[in-house]
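The lines below spell out each chain.
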Amino acid sequence: MADPEAELRALSGARRRVALWLTATMVVIYFGFLGLIAWQKPLLGTLVRPGLSLGILLGALVIVSCWVLTWLYVRWTNTRYDPEIARLRRLL
C-alpha cells in the first residue's frame, strides 16, 4: 500500500499548481486588458458592430474568463481533488 501522507503531499502540490496556473492566467488576462486601456485606447474604441466597441467586448470577455476559470477549478476539484481527499481520509 502506498504511503497516504506522501499521496496527500502530492495532491496538495497538484492543487497548488492548478491554483497558481489559474491565478496566473487571470492575472495575465486582467492586466493585459488594463495594458490595452493604458496604451491602446484608440484600438479599444474601434467599433466591432454599431454600438459595440472592442473595449466593451474585451471587458465582457474578461468577466466571462473569470467565470470560466472558476468553473474549471470547481470541475477539477469535484472530479479529482475531492474524491482523492475522501479516499485518503478513509486510509488515514
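Residues numbered from 1 in each chain as written. Predicted model: local features only at pLDDT ≥ 70, side-chain atom pairs only at ≥ 80, totals over all residues. Heavy atoms only, no water.

Q: Got a sec to walk through the packing of helix α1 (residues 4-39) against helix α3 (residues 54-91)? Specific residues and values, please.
A: One way to put it is that α1 packs onto α3 with a least axis distance of 11 Å and a crossing angle of 175 degrees. Relative to α3, the element α1 lies roughly antiparallel. Here the contact of α1 with α3 is built from residues that sort into 21 nonpolar, 4 polar and 4 charged. (Axes fitted to C-alpha atoms, helices over the stretch in contact; angles between N-to-C directions. Helix = DSSP H or I, 4+ residues; strand = E, 2+ residues; numbered from the N terminus. Parallel < 35°, antiparallel > 145°, perpendicular 65-115°, else oblique. Nonpolar A, V, L, I, M, F, W, Y, C, P; charged D, E, K, R; others polar.)

Q: Quick one: what's the story with the nonpolar core, residue by residue and with numbers?
A: Note that soluble globular proteins tend to have their nonpolar side chains buried in a common cluster. Counting 6 residues, the largest nonpolar core consists of L11, A14, W76, Y81, I85 and L88. Of all the secondary structure elements, the ones that give two or more residues to this core are α1 and α3. Contacts of L88, omitting those with residues within four sequence positions, involve P4, E7, L8 and L11. (Core = buried A, V, L, I, M, F, W, Y, C linked by side-chain atoms within 4.5 Å. Buried < 20%, exposed > 50% of the residue type's maximum accessible area, 1.4 Å probe, protein only. Contact = heavy atoms within 4.5 Å.)

Q: Please set out the side chain of S53 residue by residue, giving values where relevant.
A: Tracing the chain through its elements places S53 in strand β2 (residues 52-53). Those residues in contact with S53, other than ones at most four positions away along the chain, are L44, G45, T46, L47 and V48.

Q: I'd love a proper account of a nonpolar patch on the surface, names of residues and values included.
A: A contiguous nonpolar patch, built from W21, V48, L57, L61, I63, V64, W67, V68, W71 and L72 and spanning about 980 Å² of accessible area, is present on the exposed surface. If you tally residues by element for the nonpolar patch, the top one is α3, at 8 residues. With respect to the element layout, V64 can be found in helix α3. (Patch = residues over 30% accessible without salt bridge, like charges linked within 9 Å, V, L, I, M, F, W, Y side chains within 5 Å. Areas by Shrake-Rupley, 256 points an atom, 1.4 Å probe, with all protein chains shown as cover. Salt bridge = Lys/Arg side-chain N within 4 Å of Asp/Glu carboxyl O.)

Q: Requested: an account of the side chain of S65, with residues and values cited.
A: Considering the arrangement of structural elements, one finds S65 in helix α3. Those residues in contact with S65 that sit more than four places away from it in its chain are M26 and I29.

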